[in-house]
Amino acid sequence: MILVTAYPLGYAVVLSFYRYRLTDPAGKEFVGLKNYVTVLTDPVWWSAVSTTAIITLVSVGVELVLGFGFAWV
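Worth saying up front: this structure is predicted, and the values here are computed from it rather than measured.

How each quantity is defined
- Residues numbered from 1 in each chain as written.
- Predicted model: local features only at pLDDT ≥ 70, side-chain atom pairs only at ≥ 80, totals over all residues.
- Heavy atoms only, no water.
- pLDDT = per-residue confidence, 0-100.
- Helix = DSSP H or I, 4+ residues; strand = E, 2+ residues; numbered from the N terminus.
- Patch = residues over 30% accessible without salt bridge, like charges linked within 9 Å, V, L, I, M, F, W, Y side chains within 5 Å.
- Areas by Shrake-Rupley, 256 points an atom, 1.4 Å probe, with all protein chains shown as cover.
- Salt bridge = Lys/Arg side-chain N within 4 Å of Asp/Glu carboxyl O.
- Buried < 20%, exposed > 50% of the residue type's maximum accessible area, 1.4 Å probe, protein only.

**Focus on the confidence of the model for the protein**
Right, on to step 1. With 100% of its residues at a pLDDT of at least 70, the protein reaches an overall mean of 94.
Right, on to step 2. Between the elements of the protein, mean pLDDT differs from a low of 87, seen in strand 2 (residues 24-30), to a high of 97, seen in helix 3 (residues 43-72).

Encoded structure:
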């Protein structure tokens, strides 16, 4: 089970250091941390992260209150 989980995760980490297009699998180009710099400096990505965090916090809060309410009843 660990192999089935670890191999795809490890391969994804390795691929994250390359410029890799699914339409041209043979044309991998090593770019190092450039992909991470691109993502971490992209305002659209930060907007998506903040929106996801807000939705998560609100939904967990509502579910927590409703859960306690149903348990109390």
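Moving on from the model shown.
**A look at a nonpolar patch on the surface**
Right, on to step 1. Residues Leu33, Tyr36, Val37, Val39, Leu40, Trp45, Trp46 and Val49 make up a contiguous nonpolar surface patch of roughly 730 Å² in combined accessible area.
Right, on to step 2. Counting only elements with at least two residues in the nonpolar patch, the list comes to helix 2 (34-40) and helix 3.
Right, on to step 3. You can call Leu40 partly exposed: its relative accessible area is 47%.

**Brief notes about the environment of Trp72**
Right, on to step 1. Mapped onto the secondary structure, Trp72 falls in helix 3.
Right, on to step 2. Between the alpha carbons of Trp72 and Tyr18 there is a distance of 53 Å; along the sequence they are 54 residues apart.

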